[in-house]
Amino acid sequence: MTPFVDDINDQISIYVEHLANGQLRLSDDGYAISNLSFMGTELPMHRKKKLSKILRQFNINLIEEETF
């Protein structure tokens, strides 16, 4: 369990994947952003740029993948 919760206080799962190059990939399986979208909140481009800038400060990459 994680201390992270969504807007209705459901806990958010974080998945850890060990990559071949020794790095770790952390993922919420797209839950946070898709939940915002489901509630009718889309991140405008200027917010996405701001988010990317913050993530880069911590050497984190946001990877958006379409999986169905």
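Conventions we followed
Residues numbered from 1 in each chain as written. Predicted model: local features only at pLDDT ≥ 70, side-chain atom pairs only at ≥ 80, totals over all residues. Heavy atoms only, no water. Salt bridge = Lys/Arg side-chain N within 4 Å of Asp/Glu carboxyl O. Buried < 20%, exposed > 50% of the residue type's maximum accessible area, 1.4 Å probe, protein only. Helix = DSSP H or I, 4+ residues; strand = E, 2+ residues; numbered from the N terminus. Expected span 1.5 Å × (residues − 1).

Attention now moves to the pattern of salt bridges. Evaluated as defined, the whole model comprises one salt bridge. Its salt-bridge partner being Arg 25, residue Glu 17 comes within 3.4 Å of it at the nearest N-O pair. For Glu 17, a relative accessible area of 38% gives the class partly exposed.

Attention now goes to unusual backbone geometry. Phi at Asp 29 is positive, roughly 60°, even though this residue is not glycine. If you trace the backbone, Asp 29 turns up in the loop between strand E2 (24-27) and helix H1 (31-38). On the basis of relative accessible area, Asp 29 is assigned to the exposed category, the value being 63%. In this structure, Asn 59 takes a positive phi of about 55° despite not being glycine. Tracing the backbone through its elements, the reader meets Asn 59 in the segment after helix H2 (45-57).

Next up on the list: H2. For H2, built from 13 residues, the straight-helix expectation of 18 Å at 1.5 Å per residue is met to within 8% by its first-to-last C-alpha distance of 19 Å. Directly beyond the C-terminal end of H2, a positive phi value near 55° is found at Asn 59.

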